[in-house]
Every structure is written in C-alpha cells, then in structure tokens.
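If you want the building blocks of each chain, they are given just below.
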Amino acid sequence: MEQVVYRIRRFDGEKEFWQEYSFAHEPNKTVLWGLLKIKETADPSLAFVAACRSAVCGACAVRVNGEAVLACETPLDALLGRFGATLVLEPLGNFPVIRDLVVDWEPKAVRLAEAKPWLMPRDEFSAEAGCRQTQAEFKKINAQTNCILCGSCASECNKLSTGDDDFYEPFVYTKAGKFVADSRDGAAAEHLRPVLARGLWKCVHCQECVTKCPKRVAPAEDIAALRRESIRQGLTDNPGARHALAFAGDITNSGRLNETTMAVKTDGLLKSATRLPFALRLLRRGKLNPFHFPAPVEGIDGVRAIVKAAKEAKE
Amino acid sequence: MRYAFFPGCVLDGAAAEAREATVRVARALDIELVELPGWTCCGASHAQDVDELAAVAVNARNLALAEKLGLPLLTACSTCTLMLRKAKAALDGGLKDKVNGLLASAGMAYAGTSDVTHLLWALVRDYGLERLKAKVTRPLTGLKVAGYYGCHLLRPPQVMDFEDHARPRSLAALIAALGAEPVEMASARKCCGFHAVFPAERDVFKMTGTINADAVAAGADCIVTPCPLCQMQLDMRQPEGREAIGTAGDMPILHLAQLVGLALGMTGSEMGLGRHVTAAFHVAAKAGGR
C-alpha cells in the first residue's frame, strides 16, 4: 500500500469529531511515527502524549481499532496487515479524555493511591540495614515490577466499561498485589483491604487486561493472587469467595461441579430464595435438575490425593 | 479423526443439549469422540482463586488421562479449553516436575504429549471447512447468524493462539460454510459476564443485555457461540439483560454444534432447541429443520 490513513477521534474540550489524515507509507515504522508525522507535517493541533519512545514510560498508549497498544513500540506494518490501510485511533477507553488522544490520569492516580502502592517496610528493617530480599523473594514480584502504568489494561476492561464505582483499574490490583507479595512489606492488609472493598471479586475474567498489557504483566493473575490471600486471611464472607470455595470443594468431593448446591453455597439460603423465579425458568426447560448430585468420578481418591499433596507442597 | 472428549461440567448438567448436539454432529462427520474416563471439573476459572497449584495439578491429571488414551483432548467449552491450555502452558513452561511430584500420589504422570483443542478449532483446522461444506445436506440459506466468540476462546492469545484475537474469522467462515449469512455484531468479542454473575450481577446483566441488543441491531436471526457458558448466560439471563438496558426483542442463542447439526439435516428437537429459554425453534423452522 502507498498511503496510510489514520482516522482519529478528536476532542477539543467541548465537542467530539472524527478527522482523517493520509500520509505516505514507509515500511518498518511505528504507530507513533505516524502520529508524529501528522503533527509535524499536517496538523500541529493534534494532541497526543509520547515521551521515552522506548516502551518504558507508558505515556503513548492509545487505542487502535479498539485495542490498546503502546504507539511507540507497535509496528505499523503489523496493524496495516491486520486491518488494512485505514486505522482508527482513539484515546484509551475507560479514561476521561482531556483533548484528542490525551487522557486524564489524575482521577486514576487518586484511585491508585487508595491501594497504597508503596513499600511499608517491616519493623525489622532500618535505615542502616535497608530492606534486603533474596533473589527468590524478588522473583515473586518480578512480573508486577514491570508495570509501567500505561493504562492499556484498563482500556478494554469489560467490568470497568460497565461501571467503575465498585471496581478499580486492573493496574491497581497489580500494584496492590505486588506489595502484598513483597517480602519487605509489613502491611499486607493495608494494600489488601481497599481492593477487597472495591471489586476484588467483581472481575469478570474477560482476560482483556492480560491480553493488552505490553509488558506481559497479567493483572487477572494478580487479582487471583489477591483473592487467594484474602481467603488465606479468612476474608470469605462474600459471594465471590464462597463461589470459588464451592468449586474447589466440589472438585475434591466428587470431581465435578454440583449445580444444584452452587447457588446456595454462593449466596446463602435467603438470597438464593430470591432467585426462585429464575430457578423455575430453568426447571421448566429441563436445564436444572434439583435431584442431580454428581457421583464421584472414577479415580476420585487420586484427585483427593493430588489436591492434598498440592496443599502440603505449599506449607 | 479421534479425540479424547472432555465434556466439562456444563455439558454434563445445565447444557446437556450441547453435549447431545456435539456427539450427534461428531458421529455424522465420522469424528470419534472417546469420553475421557474420570475427567474432573477444569476449575472453571474459579479454582485458582483458592489454590493455584492444585488447580494446575487437577488439570495435569486430566491431560495425563488423555495421554493414556494417546489422543488429543477436545472440549466444546471455551473456559475448559482455556483452563486446560493454561495448565498445559504452565506445565510445559517449568512446572512439570513439581506437578508430577503431586500426580505421583495418584500413580499418574504428565508427559506433555497431548494437545488441547476446541470443537470450533477442530472443525475449522482439523476437519476443514471444505470437507464440512460437502457434508451439508440442508444449507442454512437465508439465515442471518451473528458469531459471538466471548472471551476465553480468544484470550489471552499467548495461551489460546488459534487465530488473531483482535480479528477472529473462524466463526464467520464456519457460518458461511453451513450456507448461512454471517452477520457482524459489535460485541462479538466482549464478555457475557457469566463468571461474575454472583458478585457483580448488576454489571453482568448489562453486559448480557448489550450483547443480545447488538445482535438484534445487526439484524441477526440468532447468535451462535462456541462457549456453552456464554450460551447459558445470553439465553437464560436474557430477560434480566433486557431489563438492565431497557430493550426488547428475543434473540435465540445457539450452541455451535446445534447450528452445524441443523445444516447436517438434523431437527431442532434432535439438537435440543426445546431446552433453550429463548425460543429457538423458529431458527430451525427457518432452516427447514423443525
């Protein structure tokens, strides 16, 4: 192809509009190269953010054809091959927009601070001795250390898109998870409490955050780790924890999910009763059999032995 | 073609019609499904929230069972596919020896010789769409079908790795091979919310409602999905979804195997369409297979 078209969603502070820019294709360039070319040769009013150009600062994250990417490291040729000559560029999703492709991090930073994403050293550390940790201990938080706060994980987060009043951006859980797992930190509850209060069990498991992270951080895995820690601390009085425990229990008991008891185990008897109309809907169609209790699978003793061995391996 | 069949809990329970349709379709296509003896729940993307190592080990056992049969493992559920492939990736990525130490307590071992695939992938890649097309006895001419992927068959791509997660084409290609008209819907790759229906009910109903409304807006006669959990969510929770976003209009939601079965000449009854909450028989009627 000879020409590339960027169709950019613009915002001047008051109104939103679309604008197309066409420029000559050059091989082996990045999305950011195209933006800079537009700004330098066609329209200096186009606003976007870019700083390091080395996939370190995270400032240049934008949405291309609905997918968050770091503009500075994303090969243009790959996107043109995937989508054709016209690319649709938008600011990150689930962020307030300041102007054009520039999003407002201020409210996100306030939310991030609630999880106290900083080290609160254990009592035995001092200014003189420092906060040393072993390589093995560092390895446990190595992946999360790579988070550059680019916001890509939040852009397509399905839960966040539906409502953010009871859910954080995925990177908040990652940062909280890092300090909960950090051997030098002595205040795990200070990081865990806010994320548990705001949505830890409301992640919908859509895997968008894992898919979008340019640094191979996996916020969904961090959410799972925080959930495990909350269960370990006995914080199980919520439907999410009860649901997960029901699954784990069913696997040990019979090897298979028991659909009949799942709702009661998750919601309790009273809340389950409010779901009676739904249950009747399923009963009418034969989708729910209240008398179906899965028999233990062939080899269930082996399953139980494996689960027990896994538990002992961690202790 | 032979596979170790992993039905998963949902095909064993609430979505029994998906199991029936899968087995019938496989038989019609001369695909042999050997049910994995002693398979257990994959953890359904919840078990790892309690014990990550146990979740991997239980699926290592499932994989080892398939290895005993000397067959690749096939599921008809996107979440089962993801859980099994995640476990396999973790095992092959360094956990194998540690987990084999756990499996030894059950006299088992994971070698890494069996692949994990999904019915959709098997039909598209292993069986081949041209071959499938040749088996179609009642082309679904005139039927507008929106392909809904959902999450777990596409993401994360480093684990799933079948097609471009940002621009998947397999469902549209399969729908076209069956003689139907593929219809693009805006939320084909969005989450239906199934896995968080208990803790985040309000949001999940909005997600469900939006997906169904997108299919209505696209002019689809029905949605087809490769994931029985998505099917259940979009079908069983359709009234709540409509209420959550204030829309109207039924949208039949078909399991992948049901759509294939209709094109192979099977009836709506044989495909278990009567078990759906949202009336789906008119889809079969339109396809001439009541």
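Residues numbered from 1 in each chain as written. Chains lettered and ligands numbered in written order. Predicted model: local features only at pLDDT ≥ 70, side-chain atom pairs only at ≥ 80, totals over all residues. Heavy atoms only, no water.

S.K.: Explain the overall build of chain A to me, please; I cannot follow it from the model alone.
M.R.: The number of helices and strands found in chain A is 15 helices and 7 strands. Scored against the burial criterion, the 315 residues of chain A give a buried share of 50%. Within the structure as shown, chain A displays about 14800 Å² of accessible surface, and the carbon and sulfur contribution to it stands at 54%. With 44 positive and 40 negative side-chain charges, chain A shows a separation of 4 Å between the mean positions of the two kinds. (Helix = DSSP H or I, 4+ residues; strand = E, 2+ residues; numbered from the N terminus. Buried < 20%, exposed > 50% of the residue type's maximum accessible area, 1.4 Å probe, protein only. Areas by Shrake-Rupley, 256 points an atom, 1.4 Å probe, with all protein chains shown as cover. Lys, Arg positive; Asp, Glu negative; His and termini not counted. Charge placed at Lys NZ, Arg CZ, Asp CG, Glu CD.)

S.K.: I'm lost on the confidence of the model for chain B in this one. Help?
M.R.: Where the model shows low pLDDT, its predicted coordinates should not be examined in detail. Overall, the prediction assigns chain B a mean pLDDT of 96, with 99% of residues at 70 or greater. As a predicted assembly, this complex carries a pTM of 0.97 together with an ipTM value of 0.96. (pLDDT = per-residue confidence, 0-100.)

S.K.: Whenever I open this one, the packing of aromatic side chains confuses me. Can you help?
M.R.: The relation between two aromatic rings is expressed through the spacing of the ring centres and the mutual angle of the planes. A full pass over the atoms with the stated rule returns 8 aromatic pairs over all chains. Pairing Phe167(A) with Tyr173(A) gives two aromatic rings, centres 5.2 Å apart and planes at 40°, and the pair type is tilted. With respect to burial, Phe167(A) and Tyr173(A) carry one shared label: buried. Linked through ring pairs, Tyr6(A), Phe23(A) and Trp33(A) together constitute an aromatic cluster. Sitting above the plane of the Phe179(A) ring, Lys178(A) keeps its charged end 4.1 Å from the centroid. Positioned above the aromatic ring of Phe278(A), the side-chain terminus of Arg237(B) is 3.5 Å from the ring centre. (Phe/Tyr/Trp six-rings, centres within 6.5 Å; stacked < 30°, edge-to-face > 60°. Lys NZ or Arg CZ within 6 Å of the ring centre and 35° of its normal.)

S.K.: Sorry, what's going on with the nonpolar core here?
M.R.: Where a protein is soluble and globular, its nonpolar side chains tend to be buried together. Among the nonpolar cores identified, the biggest contains 123 residues, and Leu140(B), Leu174(B), Leu178(B), Ile223(B), Leu254(B) and Leu259(B) are the most heavily contacted of them. Residue contributions to this core peak at 11 residues, all from helix H3 (residues 52-69) of chain B. Discounting chain neighbours no more than four positions away, the residues touching Leu174(B) are Leu120(B), Leu123(B), Val124(B), Leu129(B), Leu132(B), Leu256(B) and Val260(B). Core analysis: the second largest hydrophobic core is formed by 66 residues, Cys60(A), Phe83(A), Leu192(A) and Leu200(A) among them. (Core = buried A, V, L, I, M, F, W, Y, C linked by side-chain atoms within 4.5 Å. Contact = heavy atoms within 4.5 Å.)

S.K.: Explain the sheet that holds strand E2 (residues 16-24) of chain A here, please?
M.R.: What links the strands of a sheet is backbone hydrogen bonding, and the strands pair in either a parallel or an antiparallel sense. Residue and element names in this part refer to chain A. Here 5 strands make up an open sheet; going across it, the order is E2-E1-E5-E3-E4 and the pairing mixed. At either margin of the open sheet sits one strand with a lone partner, and together these are E2 and strand E4 (67-70). Averaged over all pairs of adjacent strands, the angle between their axes in this sheet comes to 35°, without regard to strand direction. The sheet contact formed by strand E1 (residues 3-11) and E2 spans 9 bridges and is antiparallel. Looking at the pairing, valine 4 lines up with phenylalanine 23 of E2. On top of the sheet, helix H1 (residues 31-41) reaches E1, E2, strand E3 (61-64) and strand E5 (86-90); it is set at about 100° to E2, its chief contact. (Pairing = 2+ DSSP bridges. Axes fitted to C-alpha atoms, helices over the stretch in contact; angles between N-to-C directions.)

S.K.: Explain the interface of chain A and chain B to me, please; I cannot follow it from the model alone.
M.R.: For interface size, the figure often reported is the accessible area lost on association. Counting residues at the interface gives 61 residues for chain A, matched by 65 residues for chain B. Its largest share of buried area at the contact with chain B, chain A owes to Arg256(A), Lys287(A) and Ile306(A), together 13% of the area lost on that side. Where chain A touches chain B, the interface holds 14 salt bridges. For Arg82(A), the salt bridge is made with Asp164(B), and the minimal N-O distance between the two is 2.7 Å. (Buried area = accessible area lost by both parts, 1.4 Å probe. Salt bridge = Lys/Arg side-chain N within 4 Å of Asp/Glu carboxyl O.)

S.K.: Which parts of the structure should I look at to understand the environment of Asn146(A)?
M.R.: Residue and element names in this part refer to chain A. Topologically, asparagine 146 is positioned in the loop between helix H5 (142-145) and helix H6 (152-155). Measuring from C-alpha to C-alpha, the distance between asparagine 146 and proline 214 comes to 9.7 Å, with 68 residues separating the pair along the chain. Residues contacting asparagine 146, with those up to four places away along its chain left out, are Lys215 and Val217.

S.K.: Mind showing me how you'd approach the side chain of Thr278(B) here?
M.R.: All names here are of chain B. By the element assignment, threonine 278 lies in the loop between helix H11 (256-263) and helix H12 (281-286). Side chain to side chain, threonine 278 and glutamine 238 meet in a polar contact 3.3 Å long. If we skip the residues at most four places from it in the chain, threonine 278 touches Asp235, Gln238, Asp250, Met251 and Pro252. (Polar contact = N/O pair within 3.5 Å; in protein donor to acceptor, adjacent residues only side chain to side chain.)

S.K.: Any chance you could explain the sheet that holds strand E8 (residues 253-255) of chain B here in plain terms?
M.R.: Residue and element names in this part refer to chain B. Taken in spatial order, the 4 strands make up an open sheet running E6-E5-E7-E8, and their pairing is parallel. Each edge of the open sheet is held by one strand with a lone partner, namely strand E6 (181-183) and E8. Taken over all neighbouring pairs, the strand axes of this sheet differ in orientation by 40° on average, direction set aside. Across the sheet, H11 is in contact with strand E5 (144-147), strand E7 (222-225) and E8; its angle to E8 comes to roughly 80°.

S.K.: Help me understand the pairing of E4(A), please; the structure alone is not making it clear to me.
M.R.: Remember that side chains alternate between the two faces of the sheet whenever the strand is regular. Residue and element names in this part refer to chain A. A two-sided burial pattern is seen for E4, the buried positions comprising Glu67 and Val69 on one face and Ala68 and Leu70 on the other. Bridge count between E3 and E4: 4 bridges; the pairing is antiparallel. Among the inter-strand pairings, arginine 63 is bridged to a residue of E4, identified as alanine 68. The loop that links E3 with its antiparallel partner E4 comprises 2 residues; one of these, asparagine 65, has a positive phi angle of about 45°.

S.K.: Teacher, can you tell me more about the layout of surface pockets here?
M.R.: In this structure, the second largest pocket occupies an estimated 900 Å³ of space. For the lining of the second largest pocket, the elements supplying multiple residues, two or more each, are helix H12 (239-253), helix H13 (259-273) and helix H14 (276-284) of chain A together with helix H1 (8-12), helix H4 (78-103) and helix H9 (228-236) of chain B. In terms of residues, the lining of the second largest pocket owes the most to one element, H13(A), which gives 8 residues. Here the residues of the lining of the second largest pocket are counted per class, giving 28 nonpolar, 8 polar and 4 charged. (1 Å grid on protein atoms, 1.4 Å probe; cavity = no way out; pocket = protein on both sides within 12 Å on 5 of 7 lines; lining within 4 Å. Points joined across faces, edges and corners; volume = space filled by probe spheres on them. Nonpolar A, V, L, I, M, F, W, Y, C, P; charged D, E, K, R; others polar.)

S.K.: How should unusual backbone geometry be read in this particular structure?
M.R.: Across residues other than glycine, the phi torsion is negative in most instances, and most of the peptide bonds are trans. Residue and element names in this part refer to chain B. Omega for the bond connecting arginine 155 with proline 156 falls within 30 degrees of zero, at -10°, which places this linkage in the cis form. Here proline 156 shows up in the loop between E5 and helix H6 (157-160). Backbone geometry at alanine 44 places phi at a positive 55°, although glycine is not the residue there. By the element assignment, alanine 44 lies in the loop between strand E2 (32-35) and H3.

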